[in-house]
Amino acid sequence: MSDESCIITEPRRKSALVTAIILSNVITMLNAGSVNIAMPVMMEAFQANLNQVQWIMLAYILTLACAMPLVTALSDRFSYRRLILASLVMTAILSLACALAVNLWVLIILRALNGFFAGIIMSSVMALIYRYMPKNERAGRYATVLIVQSIAFAIGPSFAGLIMQWTSWRVIFVLPALMVLPTYFEARHALPVERVTGKAPLQIGGVALVSLATGMLLLAFTFLESWGFANWRFWAMIAGAIGLVAYFIVHNRKNPHPALDFSLFKLSSFALAVFLSMILSTVIGITASVLAVYVQSVRGYAPFFSGAVQFAPSIIMAGANTLAKRLYGNASTTAMVVSGFCVAALGNALMNTVGMDRSLIILSAILTIRYVGIAFVRLPISDVGMSAVPQDKVSHASAFINWVNQLSQAISTNILTVIFTFRANTLFHQYGGSGQALPGKEGYAEAALSAFHTVFTIMAGLMLLGAFFSLFMVRAANRDKARRRAADQS
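Residues numbered from 1 in each chain as written. Predicted model: local features only at pLDDT ≥ 70, side-chain atom pairs only at ≥ 80, totals over all residues. Heavy atoms only, no water.

### Points about the overall build of the protein
The cut-off we apply is this: Secondary structure is summarised from DSSP: a helix means a run of H or I of at least four residues, a strand means a run of E of at least two, and numbering begins at the N terminus for each. Our radius of gyration is a C-alpha quantity, and the globule rule it is checked against amounts to 2.2 Å times the number of residues to the power 0.38. Accessibility here uses a 1.4 Å probe with only protein chains present; expressed as a share of the type maximum, an area under 20% marks a residue as buried, one over 50% as exposed, and anything in between as partly exposed. Between two residues, a contact is recorded if the distance between any of their heavy atoms is within 4.5 Å. All accessible-area figures derive from a Shrake-Rupley calculation using a 1.4 Å probe, and residue coverage is judged against the displayed protein chains alone. By the counting scheme adopted, Arg and Lys are positive, Glu and Asp are negative, and His together with the chain ends is not counted. The atom standing in for a charge is NZ when the residue is Lys, CZ when it is Arg, CG when it is Asp and CD when it is Glu.
Of regular secondary structure, the protein possesses 17 helices and zero strands. Whereas a compact globule of 490 residues would reach a radius of gyration of roughly 23 Å, the protein reaches 22 Å, a difference of no more than 12%. In terms of its C-alpha atoms, the protein occupies a principal-axis envelope of roughly 75 × 45 × 45 Å. Evaluated residue by residue, the protein yields a buried proportion of 59% over its 490 residues. Here the analysis covers contacts within the protein between residues at least 6 apart in sequence; of these, 83% occur between residues at least 24 apart. Of the roughly 19500 Å² of accessible surface on the protein, a fraction of 66% belongs to carbon and sulfur atoms. Put simply, the protein has 34 plus and 17 minus side-chain charges, and the middle of one group is 3 Å from the middle of the other.

### Remarks on the nonpolar core
Inside soluble globular proteins, nonpolar side chains tend to come together where they are buried. Stated formally: To form a nonpolar core, buried Ala, Val, Leu, Ile, Met, Phe, Trp, Tyr and Cys residues must be joined to one another through side-chain atoms within 4.5 Å.
Residues L363, F420 and F452 are the most contacted members of the largest nonpolar core, which totals 157 residues. Apart from the residues within four sequence positions on either side, L363 is in contact with L291, Y294, V295, V309, M351 and V354. Among the nonpolar cores identified, the runner-up in size contains twelve residues, and A213, F221, L224 and A241 belong to it.

### Regarding the side chain of N348
Locating N348 in the fold gives a position in helix α13 (residues 333-350). Residues in contact with N348, not counting those within four places in the same chain, are V283, R370, F456, M459, A460 and M463.

### Topic: the pattern of salt bridges
Threshold: Salt bridges are defined by distance alone: a side-chain nitrogen of Lys or Arg within 4 Å of a carboxyl oxygen of Asp or Glu.
Tallied over the full model, the rule gives five salt bridges. A salt bridge links E10 to R13; the nearest nitrogen and oxygen atoms lie 3.6 Å apart. Residue classification places E10 among the partly exposed positions, given a relative accessible area of 36%. Residues E137 and K14 are paired through a salt bridge, measuring 2.8 Å at the closest nitrogen-oxygen approach. Here the residue E137 occupies a position in the loop between α4 (104-132) and α5 (138-166), and K14 occupies one in helix α1 (residues 11-45), the gap between them amounting to 123 residues. A residue is classified by how much of its surface remains accessible, and E137, at 22% relative accessible area, is partly exposed. Among the residues examined, K14 registers a relative accessible area of 9% and is labelled buried. A single network of salt bridges, built from pairs that share partners, joins K14, E137 and R141.

### Side note on the environment of T368
Take T368: it is sitting in helix α14 (residues 360-387). Residue T368 is classed as buried on the basis of its relative accessible area of 15%. Taking the C-alpha atoms as reference points, T368 and S87, separated by 281 residues in sequence, lie 34 Å from one another. Aside from chain neighbours lying at most four places away, what touches T368 is P313 and I316.

### A word on the packing of aromatic side chains
This is how it is decided: Pairing of aromatic rings covers Phe, Tyr and the six-membered ring of Trp, with a centre-to-centre limit of 6.5 Å; geometry is then stacked below 30 degrees between planes, edge-to-face above 60, and tilted otherwise. Here, over-ring charges are defined by two tests on the NZ atom of lysine or the CZ atom of arginine: distance to the ring centre within 6 Å, and angle to the ring normal within 35 degrees.
In total, this model carries 13 aromatic pairs according to the counting rule given. Judged by centre distance (5.3 Å) and plane angle (80°), the ring pair of F468 and F469 falls under edge-to-face. An aromatic cluster is present here, built from F275, F468, F469 and F472 joined pairwise through their rings. Positioned above the aromatic ring of Y60 is the side chain of R111, whose terminal nitrogen or guanidinium carbon lies 4.2 Å from the ring centre.

### Things to note about the layout of surface pockets
The criterion, for reference: Both site types are read off a 1 Å grid over the protein atoms alone. A 1.4 Å probe that fits but cannot get out defines a cavity, while an open set with protein on both sides within 12 Å along at least five of seven lines defines a pocket; lining residues have an atom within 4 Å of a point. Grid points are joined across faces, edges and corners, and a volume is the space filled by probe spheres set on the points. Under the grouping applied here, Gly and all other residues not named as nonpolar or charged are polar, the nonpolar ones being Ala, Val, Leu, Ile, Met, Phe, Trp, Tyr, Cys and Pro and the charged ones Asp, Glu, Lys and Arg.
Here the largest pocket defines a volume of roughly 640 Å³. Where the lining of the largest pocket is concerned, the elements lending two or more residues are α5, α14 and α17 (473-489). With seven residues, α17 is the single largest residue contributor to the lining of the largest pocket. Within the lining of the largest pocket, the residues separate by chemical class into twelve nonpolar, five polar and eight charged. In terms of lining residues, the second largest pocket is bounded by 21 residues, among which L217, M278, L407, S408 and I411 are the most central.

### Describing a nonpolar patch on the surface
Worth spelling out the cut-off: To count toward a patch, a residue needs a relative accessible area over 30% and no salt bridge; like charges are then connected within 9 Å, while nonpolar side chains (Val, Leu, Ile, Met, Phe, Trp, Tyr) are connected within 5 Å.
Taken together, the side chains of I151, F311 and I315 define a hydrophobic patch exposed on the protein surface, amounting to about 230 Å² of accessible area. Along the chain, I315 falls in helix α12 (residues 311-327). Judged by relative accessible area, I315 falls into the partly exposed class, the value being 36%.

### Here we look at α14
Using the following cut-off: A helix is expected to reach a length of 1.5 Å times the quantity of its residues less one. Under this definition, polar contacts are N or O atom pairs within 3.5 Å; protein pairs additionally need one hydrogen-donor-capable and one acceptor-capable atom, and for neighbouring residues in sequence, both atoms have to be side-chain atoms.
End to end, α14 covers 41 Å across 28 residues, agreeing with the expected 40 Å (1.5 Å per residue, within 8%). With 21 of 28 residues buried, α14 is to be regarded as a mostly interior element. Capping of α14 at its N-terminal end is provided by S359; its side-chain oxygen lies 3.1 Å from the backbone amide nitrogen of I361.

### Let's talk about the packing of helix α10 (residues 268-298) against helix α16 (residues 444-470)
This is how it is decided: All axes are obtained by fitting lines to C-alpha atoms, using only the stretch in contact for helices, and the reported angles, taken between N-to-C directions, cover 0 to 180 degrees. For this classification, under 35 degrees means roughly parallel, over 145 means roughly antiparallel, 65 to 115 means roughly perpendicular, and everything else is oblique. Crossing chirality is assigned from the near helix's rotation relative to the far helix, an anticlockwise turn below a right angle marking it left-handed and a clockwise turn marking it right-handed.
Between α10 and α16, whose axes approach to 10 Å, the crossing angle comes to 165°. It follows that α10 is roughly antiparallel to α16 by the angle criterion. When you trace α10 past α16, the crossing you get is left-handed. Of the residues belonging to the contact of α10 with α16, the class tally is 24 nonpolar, five polar and no charged.

Written out as structure tokens, the structure is:
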């Protein structure tokens with residue numbers, strides 16, 4: 001496929017592409033975010049704890065991440081047009097199938113299948129913008145996507161909570177399926193028909209190795225509470241997972257058609273952007289789940305309030321994204337990112353002031369601080385990283401960033417959930433509880449609140465770590481530009 005000839009110039013098609021990207025993102029966000037709101041309800045429906053029910057989410061994220069390294073090869077074989085349209089159709093079918101799941105394990109399997117096609121869509125979002133949009137419009141178009149995402153993030157959880165309050169958790173899977181129809185037609189109109197250039201191997205074996213390694217990590221931390229930290233099985237799984245990933249990296253670097261192009265890490269600004277994106281994904285991934293447990297299981301509110309408490313912060317986040325879009329390029333990038341991470345760290349730290357009788361309005365205000373900080377971080381780190389990448393490697397870079405983000409989100413969500421469950425169980429038994437710590441039992445609310453504080457304290461520390469490394473981002477970008485100029489002149 002050509003590198004420059006595929007740039008879209010017609011205003012209507014550019015608008016249709018952005019609309020299709022936004023709707024596709026909203027579909028994947030609803031498939032993910034609505035389940036977080038539903039977790040306490042599903043814990044009761046399936047008589048399972050958070051550690052078990054989280055696999056509804058983890059299965060989705062894991063297969064979503066595993067699909068991402070395949071996107072570049074699949075787009076070379078079939079073109080982005082065919083790939084996106086086929087993935088949208090499968091997303092609709094599998095979302096409806098999830099609504100009809102008969103038990104927890106069937107739902108987990110269907111979610112895993114759904115996650116694969118969501119991964120193809122999500123991995124393509126950034127690639128579509130940086131491949132088909134004129135260079136001078138890319139940052140602005142991506143900022144528009146982030147703004148609408150924030151609005152969807154506000155409406156989605158509230159709507160999901162309202163649905164569950166009056167109907168069933170099954171209905172939350174129907175809405176993404178219905179949204180596929182307008183998305184399909186917009187994408188069909190916007191995406192160009194391109195001639196495929198080859199039959200690049202899919203490297204399924206390598207992706208399978210990474211999937212197995214990730215699964216081993218997730219299982220190791222899932223069973224950590226029952227096995228114990230000193231158990232040989234835990235460390236055998238960790239060592240095996242690290243070994244498989246190391247083998248994949250070495251083998252992948254020698255392959256002429258790599259599933260993931262690790263040579264991109266020679267670009268220091270891209271490598272730093274990936275690292276900072278990992279931190280953001282880690283912090284964002286677990287939030288909705290523990291927030292839903294706090295609002296519903298600790299405070300006793302209906303599911304609607306788990307979403308409602310995020311509504312105002314998410315709308316304000318959309319405004320902050322708009323402000324970030326205007327400031328980016330005019331204000332200091334380093335100042336924007338460092339201040340954003342610091343503000344987000346403050347919001348996470350203030351979560352420790354939330355108690356058994358704190359107003360949900362105060363909770364919403366604290367979330368607002370957190371979301372505003374995140375809004376000032378996302379656009380600069382994404383654009384700095386992608387702008388360093390040559391046009392012919394945009395697809396590889398987009399797949400890499402999304403793959404790392406989703407894997408880090410899956411693994412960190414699993415680890416933080418284990419920390420939450422372990423902390424809640426330990427305190428539950430200290431408070432005199434017996435058996436498994438589950439919502440509704442005496443002492444569970446107090447134990448879960450302390451676990452809630454622990455998770456947000458960890459996230460505050462990660463945000464400060466991001467602020468520190470952000471100090472080197474612009475310097476890395478300038479160094480990459482200098483190297484490219486030197487290479488062009490030689």
